[in-house]
Amino acid sequence: ETGVTQTPRHLVMGMTNKKSLKCEQHLGHNAMYWYKQSAKKPLELMFVYNFKEQTENNSVPSRFSPECPNSSHLFLHLHTLQPEDSALYLCASSSAASYNEQFFGPGTRLTVL
Amino acid sequence: AQTVTQSQPEMSVQEAETVTLSCTYDTSESDYYLFWYKQPPSRQMILVIRQEAYKQQNATENRFSVNFQKAAKSFSLKISDSQLGDAAMYFCAIMEYGNKLVFGAGTILRVKS
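Starting afresh in each chain, residues are numbered from 1 along the sequence in its written order. Lettering of chains starts at A and numbering of ligands starts at 1, both following the order in which they are written. At least 70 in pLDDT is required for a residue's local features to be given in this predicted model, at least 80 for side-chain atom pairs to be given and counted, and no such filter applies to totals for whole chains, interfaces and linings, which use all residues. Side-chain numbers here rest on the full set of heavy atoms in the structure, without hydrogens or water.

(A) The arrangement of the interface of chain A and chain B in detail. The contact criterion used throughout is that any non-hydrogen atoms of two residues lie within 4.5 Å. Listed as interface residues are 28 residues of chain A and, on the opposing side, 23 residues of chain B. In this description, buried area is defined as the sum, over both parts, of the accessible area (probe of 1.4 Å) that is lost when the two are combined. The junction of chain A with chain B conceals about 2000 Å² of combined surface from both sides, 51% of it contributed by carbon and sulfur atoms. If you sort the residues of chain A by the area they bury against chain B, Tyr99(A), Glu101(A) and Phe104(A) come out on top, with a joint share of 34%. For the purposes of these results, a polar contact is taken to be a pair of N or O atoms within 3.5 Å, where, inside protein, one atom must be able to donate a hydrogen and its partner to accept one; residues adjacent in sequence count only when each atom of the pair is a side-chain atom. Scanning the region where chain A abuts chain B turns up ten residue pairs in polar contact (both at pLDDT 80 or more). What counts as a helix is a DSSP run of H or I of at least four residues, what counts as a strand is a run of E of at least two, and both are numbered from the N terminus. Of all elements in the fold, only strand 4 (31-37), strand 5 (44-50) and strand 9 (87-94) of chain A reach the threshold of two or more residues within the side of chain A that touches chain B.

The following block contains the structure:
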């Protein structure tokens, strides 16, 4: 596979479930990102990882827990979510240097019942 | 803090015609990059064009060009000879030093045949 891949593409979960979103990049990048895209709102940056270290947490509730085991993989662990967390979750990667283009995955459409 | 405003929620253009999407931004930095990203209905976001703030010359990529007005903090995207494949959500974004992108709310572009 090439580029940035995300699995699953669609996820429906109850508020008491625990699930994980996976992102993998095949571009040799060393920075990875999670964004939340809700209807009629700008994309919201959630987390930034540079060289596997978290460098940004944009005041994200603790029910979202990211994990970056290496520069190619990024996870978002979900537990006790709320219906308002339903959204498209996008992963992106880039070179960690400033001003570089970010490459996006296709996203995971999450629905919380 | 950086902000990006896209005042046109939706735009329509006839195939082969030209359309301009508006974007204004706010930043206290003198060095930054501006981006236009396209998100087709399949949801994989791709970069359309980018502009370095220190460059006076407007960026151009084939049928896509920008009108960058630094003093006015304006960064519009012009699409010439519109094609059906141009139909998508278009996001304007700014990146100050580092690798954090701040996005606008997006403009849906519809192309009529």
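(B) The pattern of salt bridges, seen in detail. When a carboxyl oxygen of Asp or Glu lies within 4 Å of a side-chain nitrogen of Lys or Arg, that pair is called a salt bridge. All chains considered together, the criterion is met by seven salt bridges over all chains. Linking Lys100(B) and Glu56(A) is a salt bridge whose minimum nitrogen-to-oxygen distance equals 3.2 Å. With Lys100(B) in the loop between strand 10 (88-95) and strand 11 (101-103) and Glu56(A) in strand 6 (residues 53-57), the pair connects residues from two separate chains. Between Glu10(B) and Arg110(B) there is a salt bridge; the shortest N-O distance is 3.1 Å. Linking Glu10(B) in strand 2 (residues 10-14) with Arg110(B) in strand 12 (residues 107-112), this pair joins segments that are 100 residues apart in sequence.

(C) Inspection of the state of the cysteines at higher detail. Any two cysteine sulfur atoms within 2.5 Å of one another count as a disulfide. One pass over the full model with this rule turns up two disulfides over all chains. Paired by a disulfide, Cys23(A) and Cys91(A) hold their sulfur atoms 1.9 Å apart. Here the disulfide of Cys23(A) and Cys91(A) is left-handed, its torsion about the S-S bond being about -75°. Placement of Cys23(A) in strand 3 (residues 18-25) and of Cys91(A) in strand 9 is noted, with a sequence separation of 68 residues between them. Here Cys23(B) is linked by a disulfide to Cys92(B), with a sulfur-sulfur distance of 2.0 Å. Here the S-S torsion is close to -70°, and the disulfide linking Cys23(B) with Cys92(B) is therefore left-handed. Pair noted here: Cys23(B) is in the loop between strand 3 (19-21) and strand 4 (24-26) and Cys92(B) is in strand 10, with a separation of 69 residues, a long-range link. Across the pair, Cys92(B) and Cys23(B) agree in class, each one buried. Counting only cysteine sulfurs, Cys91(A) is the nearest neighbor of Cys68(A), a cysteine outside any disulfide, at a range of 9.0 Å. Partly exposed residues are those whose accessible area sits between 20% and 50% of the maximum for their type, while under 20% is buried and over 50% is exposed, using a 1.4 Å probe and protein chains only.

(D) Fine view of the side chain of Ser93(A). All names here are of chain A. Within the secondary structure, Ser-93 is located in strand 9. For Ser-93, a relative accessible area of 0% gives the class buried. A distance of 2.8 Å separates the side chain of Ser-93 from the side chain of His-29, its partner in a polar contact. In this structure Ser-93 touches Val-4, Gln-25, Leu-27, His-29, Ala-31, Met-32, Tyr-33, Glu-101, Gln-102 and Phe-103, once residues within four positions along its chain are discounted.

(E) Just the environment of Phe75(B), in detail. The residue Phe75(B) is located in strand 9 (residues 74-79) in this model. Here Phe75(B) is in contact with Cys23(B), Tyr25(B), Leu34(B), Phe35(B), Trp36(B), Gln51(B), Val66(B), Asn67(B), Phe68(B) and Cys92(B), once residues within four sequence places are set aside.

(F) The environment of Asn62(B), seen in detail. Structurally, Asn62(B) is set in the loop between strand 7 (60-61) and strand 8 (64-69). Separated by 13 residues in sequence, Asn62(B) and Ile49(B) place their C-alpha atoms 9.9 Å apart.

(G) Summary view of the nonpolar core. Judged by nonpolar contacts, the single largest core of 25 residues is most densely connected at Tyr25(B), Trp36(B), Phe75(B), Leu77(B), Tyr90(B) and Leu109(B). Per-element tally for this core: the top contributor is strand 10 of chain B, with four residues. Residues belong to one nonpolar core when they are buried, are Ala, Val, Leu, Ile, Met, Phe, Trp, Tyr or Cys, and are joined through side-chain atoms within 4.5 Å.

(H) A look at the sheet that holds strand 8 (residues 73-79) of chain A. All names here are of chain A. Think of it this way: DSSP has to see at least two bridges between two strands before they count as a pair. Strand order in the open sheet formed by four strands is 1-3-8-7, and the pairing between neighbours is antiparallel. For this open sheet the edge positions go to strand 1 (4-7) and strand 7 (64-70), each flanked by a neighbour on one side alone. Looking at each pair of strands side by side, their axes are set apart by 20° on average, direction ignored. Where strand 1 and strand 3 come together, four bridges link them in antiparallel fashion. Of the residues in strand 3, the one forming a bridge with Gln-6 is Cys-23. Structural elements are reduced to axes, namely lines fitted to C-alpha atoms, with helices fitted over the stretch in contact, and the angle between N-to-C directions of any two is expressed from 0 to 180 degrees.

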